[in-house]
Amino acid sequence: MQHQAKKRFGQNFLRDKNLLKKIVNESNILNKDVIEVGPGQGALTSFLAQQAHKLICFEIDTSLKPILDPIEQAYENTQIIYQDFMTSDISIYGNELHVVANVPYYITTPIIFKLVETKQIKTASLMIQKEVCERLIAKPGSKTYNNLSVVMSYYGNVYKMMDVKRHMFVPQPNVDSAVIRIEKRDKPLLEPNAEKVFLSIVRSAFKQKRKTLVNNWFEAYQIDKTEIQSFLESFNIDPNIRAEKVTINQFMDMAGAWSYDL
Ligand code: SAM
C-alpha cells in the first residue's frame, strides 16, 4: 500500500534492515515489555515484536492502519494503539517498560521529558536529531551543555549508541541523526521537594545562556542579586558564573539548601 509521508507528523521512515536490526539488538529488549512511539510503516515494529515479551505501539496517524494491521495480526504479543503518545497514559502497560523509537522530531524534547518523568520507563533507545543528542550528552563547560544535559544526568546515564546519516530516511530530513540510550536510575537522587526545586532552578539557570546565573535567577524568582551572590559563595561558586559551568552536583546541593520562592 502506498502511503504519502506526512510532514506535520514528523514522518521520516527507515528502510535499511541492517540498521533496524542493529538498533533493536543494541536496545537489549529480549523478553521485555516494550513501547514504540510512532511505528509508522512498521519498519522497526516487526523486529521489536520478534524480541519483546509484549509490544505496545502508539501511532497518531490512523491512515497507517492498513499497513500496520498485518503486523499486528502476525504477532500475538503486539498491540497498536491509534492515539497521541503525548496524551496517553503509558504507566498502565507494566511496571518495567522499555521504549524504542524513531521519534517524530517535532516533539523530541516533550517525548524525552515524558519518558524520564514516567517511573515505569526504565530505558529508552531513541533516534533523535544529532544536534539534540549532542546537547543531551554534553558535559559542563562545553558549548552544547544546557538544561537538558543536566536534567538527563539527573535521571540516569545517557550515551550515544550510533550516528545515522540523513540519507537513511525516506523522505530525507535536513539534519543527521543519532540513536541515544537513556538508562534511568532505580531511585531518584533527590527527595520530591528538592527535586522540584532542582528542576526549576536548572531550567531558569539556562533561560538566557549569555546571562550569569545571578541574572537568570533574579529574573525568574525576583531574589535580591546580592543575596544570590552570597548564596553562590556559600557553595564556593564564583558569583559571576554562567550556568554552562555549573555541575549537576552543584545544582543539587543548591536545590537542597534553596529557601526562596519558586
Ligand atoms: N518508526 C517508523 C520508522 O522508523 O520508519 C516511523 C518513524 S517517523 C520518524 C515518526 C512516527 O511517529 C510517524 O509514524 C508519525 O506518524 C508518528 N507520530 C507523530 N506524532 C505522534 C504522536 N504525537 N503520537 C504517536 N505517534 C506520532
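Conventions used here
Residues numbered from 1 in each chain as written. Predicted model: local features only at pLDDT ≥ 70, side-chain atom pairs only at ≥ 80, totals over all residues. Heavy atoms only, no water. Salt bridge = Lys/Arg side-chain N within 4 Å of Asp/Glu carboxyl O. Helix = DSSP H or I, 4+ residues; strand = E, 2+ residues; numbered from the N terminus. Buried < 20%, exposed > 50% of the residue type's maximum accessible area, 1.4 Å probe, protein only. Domains from an automatic or database assignment. Contact = heavy atoms within 4.5 Å. Buried area = accessible area lost by both parts, 1.4 Å probe. Polar contact = N/O pair within 3.5 Å; in protein donor to acceptor, adjacent residues only side chain to side chain. Near = heavy atom within 4 Å. Areas by Shrake-Rupley, 256 points an atom, 1.4 Å probe, with all protein chains shown as cover. 1 Å grid on protein atoms, 1.4 Å probe; cavity = no way out; pocket = protein on both sides within 12 Å on 5 of 7 lines; lining within 4 Å. Sits in = over half its atoms within 2 Å of the grid points. Nonpolar A, V, L, I, M, F, W, Y, C, P; charged D, E, K, R; others polar.

J.: Just to check I follow, could you spell out the pattern of salt bridges for this structure?
T.: Side-chain pairs of opposite charge can arise whenever the charged atoms involved come near each other. Applying the stated criterion across every chain yields a total of nine salt bridges. Of the charged contacts in the structure, one is a salt bridge between Asp69 and Lys65, with a shortest N-O distance of 3.3 Å. On the criterion of helical spacing, the pair formed by Asp69 and Lys65 is a turn pair, its members being four residues apart in helix α3 (residues 65–74). Salt-bridge contacts for Glu183 lead to Arg181; the nearest nitrogen and oxygen are separated by 3.0 Å. The buried category is assigned to Arg181, whose relative accessible area is 4%. One salt-bridge network, held together by shared partners, links Glu134, Lys160 and Asp163.

J.: Would you take a moment to explain the domain arrangement of the chain for this structure?
T.: You'll often see interface size given as the accessible area lost when the parts meet. Partitioning the chain into structural domains gives domain 1 (7–184) and domain 2 (192–257). Residue-level contacts link twelve residues of domain 1 with 15 residues of domain 2. When domain 1 packs against domain 2, the two sides together hide about 1,100 Å² of surface, and 68% of this comes from carbon and sulfur. It is Tyr145, Val150 and Tyr154 in domain 1 that bury the most area against domain 2; as a group they hold 49% of the surface buried on that side. Counting the contacts that link domain 1 with domain 2 gives five residue pairs in polar contact (both at pLDDT 80 or more).

J.: Looking at this structure, I do not really get the site of the ligand. What am I missing?
T.: Around the ligand, 24 residues are found, and the nearest of them are Gly38, Glu59, Asp84, Asn102 and Tyr106. One of the backbone nitrogen or oxygen atoms of Pro39 is found 3.4 Å away from a nitrogen atom of the ligand. Gly40 is positioned such that a nitrogen or oxygen atom in its backbone is 3.4 Å from an oxygen atom of the ligand. Here the ligand has 600 Å² of accessible area as a free molecule, and 99% of this is covered by the chains. Among the cavities detected, the one that contains the ligand is the largest pocket. Split into classes, the residues belonging to the shell around the ligand amount to 13 nonpolar, seven polar and four charged.

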